[in-house]
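Structural description and commentary
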Amino acid sequence: MANNNRYVECRQVLVANSDIGHVTTCPECGHVHVNLRSLTVRFEMEAFRELVDMLGFAQKRLDADPALRDAETKTVSVSGIDSAVVRH
Ligand SMILES: [Zn+2]
């Protein structure tokens with residue numbers, strides 16, 4: 001990027017598409033854009049890779065541990081609060 005003080009709109013090339021949104025990349029700056037309906041989050045390539053790794057890890061845990069999918073009462077740690085009970 002030639003000028004970091006000025007916003008330059010990225011050129012978006014479609015990488016993937018699904019019912020929940022789409023992923024594009026910009027060949028000029030290398031960012032990856034995750035577009036989910038009205039929400040767009042832009043990642044540097046390595047941060048996007050880390051996000052995908054984390055989501056994959058979370059999905060493996062959810063698939064492997066039925067207790068994590070239990071829709072009954074769960075205890076969740078919340079910053080500044082010892083615990084909170086969340087009911088779904
Ligand atoms: Zn760009």
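Structure's up top.
For every chain, the first residue of its written sequence is number 1, and the numbers climb from 1 along that sequence. Reporting of local features is limited, given that this is a predicted model, to residues whose pLDDT is at least 70; pairs of side-chain atoms are given and counted only at 80 or more, and all residues count toward the totals for whole chains, interfaces and linings.

Right, let's talk about the pairing of strand 3 (residues 32-36) for a bit. Being paired, for any two strands, means DSSP has found at least two bridges between them. Working definition: helices are DSSP H or I runs of at least four residues, strands are E runs of at least two. Numbering for both runs from the N terminus. With four bridges joining them, strand 2 (residues 21-25) and strand 3 adopt antiparallel strand pairing. The partner of Val-23 across the bridge, within strand 3, is Val-34. Here strand 2 folds back onto strand 3, and the loop between the two strands holds six residues, one of which, Gly-30, carries a positive phi near 80 degrees. Where strand 3 lies against strand 4 (residues 39-43), five bridges are found, and the strand directions are antiparallel. Bridge pairing in strand 4 places Leu-36 opposite Leu-39. Between strand 3 and strand 4, which pair antiparallel and follow one another directly, the connecting turn spans two residues, one of which, Arg-37, has a positive phi of 50 degrees.

Pairing is antiparallel in the open sheet, where four strands are placed in the order 1-2-3-4. At either margin of the open sheet sits one strand with a lone partner, and together these are strand 1 (13-18) and strand 4. Across the sheet, the mean angle separating the axes of adjacent strands is 15 degrees when strand polarity is ignored. Axes here mean lines fitted to C-alpha atoms, for a helix over just the part in contact, with angles spanning 0 to 180 degrees between N-to-C directions.

Moving on, we come to the environment of Ala-16. Take Ala-16: it is sitting in strand 1. What counts as a contact here is a pair of residues whose C-beta atoms, placed from the backbone, lie within 7 Å. Setting aside residues up to four positions removed in sequence, Ala-16 forms contacts with His-22 and Val-23.

This paragraph deals with helix 1 (residues 45-64). In an α-helix, one turn spans 3.6 residues; hence positions three or four apart end up facing the same way. Given a rise of 1.5 Å per residue, 20 residues ought to cover 28 Å, and the 29 Å separating the end C-alpha atoms of helix 1 matches this to within 8%. Across the 20 residues that make up helix 1, only a small minority, zero, are buried. In a helix, the anticipated span is given by 1.5 Å times the number of residues less one. The exposure label follows from counting other C-beta atoms within 10 Å of a residue's C-beta, where the C-beta atoms are placed from the backbone and the thresholds are 20 or more for buried and 12 or fewer for exposed, leaving partly exposed in between.

Without other data, these values stay purely geometric and don't point to any function.
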